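Descriptive analysis of the structure
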Amino acid sequence: MARIKLKKLEEFLQGIDGFEDPKILLEQYQTPPHIASCMLYEIQSQFGDLEGKVVADLGCGSGMLSIGSFLLGAAHTVGFEIDPDAASIFVENATEMEIPIDCILSDVTRDLPESRFGKAFDTVVMNPPFGTKKNVGMDMKFLEVGIFLARTAVYSLHKSSTRDFVKKSAIQLGVEPKIVAQLRYNIDAAYKFHKKKSVDIDVDFWRFQLPKTDL
């Protein structure tokens, strides 16, 4: 499929249905279409890591990054999601848009390490839990799994306040970290404890380059 323009990509992603009843313990926040489209467009236009590639989307939710990857020419896209309700919405979105992508019900941090999916994907994309509430360190656990799955690169969002820690951890994991962009992540009120209608969070959009091999 020919790569579509950024504006058109965002228009497509705006049509994706989000979480009907988001679960706070899973930190379920839909990636905003504007951020998702910018992320994916940069992945393809700067690095060519989507078109013709096999792509994994960790914690895929309702399919924002998975569907966007396909629209930018991914040869095959597989989303991994722990929540059956979110996976059901993913399938509904893909079916409605007539997009042939897969969603596998899976606990990313427990089921995928040392699984048959090791190095099965060219590219891994994800918007992991930021590690708040009871999920401290979850974003780095996702990164570690992404590195296990990917052959070329992992792309991920992390809070800018954790920048030094993410960089240090990535180097220890044997990958080359690079900040592609700094973004303002707008989170709409989705839970009862939210006092404001929305809040902006500074996030870094990272690319983690895996060591090149002779394979």
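Residue positions are counted from 1 within each chain, in the order its sequence is given. In view of the model being predicted, local features appear only for residues whose pLDDT reaches at least 70, and side-chain atom pairs are presented and counted only at 80 or more, with totals across whole chains, interfaces and linings using the full set of residues. Computation of side-chain values: all heavy atoms of the structure, hydrogens and water removed.

**Some thoughts on the nonpolar core**
The condition that has to hold: Throughout, nonpolar core names a set of buried Ala, Val, Leu, Ile, Met, Phe, Trp, Tyr and Cys residues whose side chains join them through atoms within 4.5 Å. Exposure classes here rest on a 1.4 Å probe applied to the protein chains alone. A residue is buried below 20% of its type maximum, exposed above 50%, and partly exposed in between. A run of H or I in DSSP counts as a helix once it spans at least four residues, and a run of E counts as a strand once it spans at least two, with each numbered from the N terminus. The contact definition used throughout considers only heavy atoms, calling two residues in contact when any of these lie within 4.5 Å.
Judged by nonpolar contacts, the single largest core of 34 residues is most densely connected at Leu13, Leu71, Leu157 and Phe205. Looking at this core, the elements with two or more residues in it are helix H1 (6–13), helix H2 (33–47), helix H3 (64–71), helix H4 (84–96), strand S5 (150–159), strand S6 (176–188) and strand S7 (198–209). In terms of residues, this core owes the most to one element, H2, which gives six residues. Not counting residues within four places of it along the chain, the set of residues in contact with Phe205 comprises Met39, Glu42, Ile43, Tyr155, Ser156, Leu157, Lys178, Ile179, Val180, Ala181 and Leu183.

**A closer look at the packing of aromatic side chains**
This is how the line gets drawn: When the centres of two rings from Phe, Tyr and Trp lie within 6.5 Å, Trp using its six-membered ring, the rings pair. Their planes under 30 degrees apart give stacked, over 60 give edge-to-face, and anything left gives tilted. Any Lys NZ or Arg CZ that is within 6 Å of a ring centre and within 35 degrees of that ring's normal is treated as a charge sitting over the ring.
One pass over the full model with this rule turns up six aromatic pairs. Ring centres of Phe117 and Phe121 lie 6.1 Å apart, and the angle between their planes is 25°; on these two criteria the pair is classed as stacked. Of the two residues, Phe117 and Phe121, neither departs from the other in class, the shared state being buried. Here Lys8 stacks its cationic end above the ring of Phe12, 6.0 Å away from the centre of that ring. Positioned above the aromatic ring of Phe47 is the side chain of Arg207, whose terminal nitrogen or guanidinium carbon lies 4.4 Å from the ring centre.

**So, the environment of Leu65**
Relative to the helices and strands, Leu65 resides in helix H3. Here the alpha-carbon distance between Leu65 and Met39, two residues 26 residues apart in the chain, equals 8.9 Å. When near neighbours in sequence (up to four residues on either side) are disregarded, Leu65 contacts Ala36, Met39, Leu40, Asp57, Val125, Met126 and Asn127.

**Focus: the packing of H1 against H3**
Keep this limit in mind: The convention used is that axes are lines fitted to C-alpha atoms, helices contributing only their stretch in contact, and that angles between N-to-C directions extend from 0 to 180 degrees. By definition in this entry, angles of less than 35 degrees are roughly parallel, angles greater than 145 are roughly antiparallel, angles of 65 to 115 are roughly perpendicular, and the rest are oblique. Take the far helix as the reference: if the near one is turned anticlockwise from it by less than a right angle, the crossing is left-handed, and if turned clockwise, right-handed. Residue polarity follows a fixed list, in which Ala, Val, Leu, Ile, Met, Phe, Trp, Tyr, Cys and Pro are nonpolar, Asp, Glu, Lys and Arg are charged, and the others, Gly among them, are polar.
Put simply, H1 and H3 touch, their axes get as near as 10 Å, and they point 140° apart. On the basis of the axis angle, H1 is oblique to H3. As for how H1 packs across H3, the hand of that crossing is right-handed. Along its contact with H1, which presents Leu9, Phe12 and Leu13, the element H3 presents Met64, Ile67, Gly68 and Leu71. Split into classes, the residues belonging to the contact of H1 with H3 amount to six nonpolar, one polar and no charged.

**Here's the deal with H4**
Quick note on the threshold: By definition here, a helix of n residues has an expected span of 1.5 Å times n minus one. It is the directions from the helix axis to the C-beta atoms that the arc portrays.
For H4, built from 13 residues, the straight-helix expectation of 18 Å at 1.5 Å per residue is met to within 8% by its first-to-last C-alpha distance of 18 Å. By the burial criterion, the buried members of H4 are Ala86, Ala87, Ile89, Phe90, Asn93 and Ala94. Buried residues along H4 cover an arc of 160° about the axis, so they all sit on one side. Of the exposed residues in H4, those oriented more than 90 degrees away from the buried face are Thr95 and Glu96. Contacts from the buried residues of H4 go to H3, strand S2 (76–81) and strand S3 (102–105). At the C-terminal side of H4, Glu98 shows a positive phi close to 55°.

**Remarks on the pairing of strand S4 (residues 121–126)**
Note the following rule: In this description, strands pair whenever DSSP reports at least two bridges between them.
Burial runs high along S4: six of the six residues are buried. As paired strands, strand S1 (residues 54–58) and S4 are joined by four bridges and run parallel to one another. Across the sheet, Ala56 pairs through a bridge with Val124, a residue of S4.

**Concerning the packing of H1 against H2**
Relative orientation of the contacting elements H1 and H2 amounts to 135°, with a least axis distance of 9 Å. Between H1 and H2, the angle falls in the class oblique. The way H1 lies across H2 gives a crossing that is right-handed. Counting all contacts with H1, which are made through Leu6, Leu9, Glu10 and Leu13, the residues of H2 involved are Pro33, His34, Ala36, Ser37, Cys38 and Tyr41. Classifying every residue of the contact of H1 with H2 by side-chain character gives seven nonpolar, two polar and one charged.

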